[in-house]
Amino acid sequence: MPNMYNLFRENSKEGGDFIRGPDGSTIATYQDLEDGSARYANRLTGLGLTKGDRVMVQAEKSVESLFLYFACLRTGLIYLPLNTAYRLNELDYFVGNSSPKLIVCAPDNEQMFASICKGIAHSADIQTLDSNGKGSINKNLSNEPTTFNEQVCDDNDIAVILYTSGTTGQPKGAMISHGNLVSNAVALHKAWGWTRGDVMLHALPIFHIHGLFVATHLAVLNASPIIFLPQFDPEEIIGLLPVATVYMGVPTNYTRLLASPGLTSDACRNMRLFTSGSAPLLAQTFNEFKRRTGHAIVERYGMTETGMNTTNPVNGLRKPGTVGSPLPGVSCKIIDHEGIEVPINETGNLLVKGQNVFRGYWQSKTADEFTNDGYFKTGDLASRDDDGYISIVGRDKDMIITGGFNVYPREIENIIDNMPGIDESAVIGLPHGDFGEAVTAVVVKSAGSNIDEETIIQHLKNTLANFKVAKQVFFIGTLPRNTMGKVQKNVLREQFKQ
Ligand code: AMP
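Residues numbered from 1 in each chain as written. Predicted model: local features only at pLDDT ≥ 70, side-chain atom pairs only at ≥ 80, totals over all residues. Heavy atoms only, no water.

Asks: Before we move on, can you summarise the site of the ligand with the specific residues and values?
Replies: The local shell around the ligand holds 16 residues, among which Glu299, Arg300, Thr304, Asp380 and Lys486 are the closest. Between histidine 208 and the ligand, the recorded distance is 3.1 Å, taken from a side-chain N or O atom to an oxygen atom. Arginine 300 has a polar backbone atom sitting 2.8 Å from a nitrogen atom of the ligand. Protein contact buries 90% of the 500 Å² of open area that the ligand shows by itself. If you list the elements that add at least two residues to the shell around the ligand, you get β13 (298-303) and β19 (390-395). Among the elements that line the shell around the ligand, the one with the most residues is β13, at 5 residues. (Near = heavy atom within 4 Å. Polar contact = N/O pair within 3.5 Å; in protein donor to acceptor, adjacent residues only side chain to side chain. Areas by Shrake-Rupley, 256 points an atom, 1.4 Å probe, with all protein chains shown as cover. Helix = DSSP H or I, 4+ residues; strand = E, 2+ residues; numbered from the N terminus.)

Asks: Quick one: what's the story with the nonpolar core, residue by residue and with numbers?
Replies: Side chains of a nonpolar character, in soluble globular proteins, are inclined to be buried together. Ranked by internal contacts, the top residues of the largest apolar core, which has 84 residues, are Phe18, Trp192 and Met248. Setting aside chain neighbours within four positions, we find phenylalanine 18 in contact with Ala28, Thr29, Tyr30, Leu33, Leu66, Phe67, Phe70, Val220, Ser224, Pro225 and Ile226. (Core = buried A, V, L, I, M, F, W, Y, C linked by side-chain atoms within 4.5 Å. Buried < 20%, exposed > 50% of the residue type's maximum accessible area, 1.4 Å probe, protein only. Contact = heavy atoms within 4.5 Å.)

Asks: Got a sec to walk through the side chain of lysine 489? Specific residues and values, please.
Replies: In this structure, lysine 489 sits in helix α13 (residues 489-496). Given a relative accessible area of 12%, lysine 489 falls into the buried group. Setting aside its immediate chain neighbours within four residues, lysine 489 contacts Asp398, Pro409, Glu413, Ala426, Val427 and Ile428.

Without other data, these values stay purely geometric and don't point to any function.
So this is what it looks like as structure tokens:
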């Protein structure tokens, strides 16, 4: 397979608007994408970068930052986006670990990166790019040619390194190849029934697979206009739904949309598809969204190392609390600790194999993450129902072992979340002298609710086997979440350990 960019060009060459402003204005066309990314590609090669060099980018969303990304694909450079929230210590590690040849950062961070680079063995060029798409990387950019011959790349050539969030240990750089990107984009484009006329409403960050590979790639593959918003604002999203057809969000985006009275079926009249992922979508959010808007959110499941693995169907039953079935070309297995596949409806470790699975971690051994027959161990616990729909039960490392019994937090969270007076909960294991770990619930009450610990524990006793019942309940204002809406259970374990 040639360079991923060739596929984008082939599909988007007839396209009109590439990026639209919230007011409907054209900010860039697909021809601008072709020309702008060629200019950046020429700039990058002019800076002496060659295939396989890393381009680290910590920049806000802008059209230019997208051009830069596509330019990296065209030149065969490895694009390495970083969460804009990362600060000195984290950046120091990423620079040291990935040895970028070029760093593109916000002007305010230029000095900081310069001091980080003093401490590393190789030299890195530092250029700036601000949230308006202005910066030193653009100096005399209009003099650069608008044509560029794509670097020849094969399936295994690395296109992007994405660091995992690293909630335990140091983050690892997942190496994602051109072949990974092509296979996943093509599979999702088909599965989600993209058609001419689709308009993408984009409010996700582009340093993560969700906003970059899922939301951006699919729109470009479809030559669709992208209404490109710097961040998620529920009222702005609701105001723009009538001029969009596709919206992709993390579950917290949906709960925030539901909190606004403006979210109605009329506001969604033009919409074709809502998708959710990156964290579990509560069944109650799915049901409430359907009631309010008439739309059943399509929940899908993926991760940095694999791209998307499964999805609920666009044509067919979308089951709340499940992530659907494997995409074509993706094979999923759920196994027990002996490596034997578990029966239907039983929980085990989820393994994934396919063209979508990454090529390993940057400068790190990967053998342990794969089985002998080539499946990637996702670290997620899952079960599969009679119809082949998969449910993600939680992270393996979040599983609680209490008195020798395995307890899956999601089962208990679902019960607590369905109690009146509760918004949401997170169930964690805390060290315990007798049991090893004690099941512990951290609960967010609804506004005005006076539900107490005893009521919750009593309800769990009435519903579950005794070993699954929370020994203690803590109340909290909001659950700690990362930028992709994932609950940070490591933070809770630290906060509530005695
Ligand atoms: P990331 O690599 O940051 O995308 O995180 C991937 C992890 O997010 C997966 O391994 C899952 O634990 C979780 N995740 C992603 N999508 C879902 C989903 N739909 N339901 C439950 N967990 C999910």
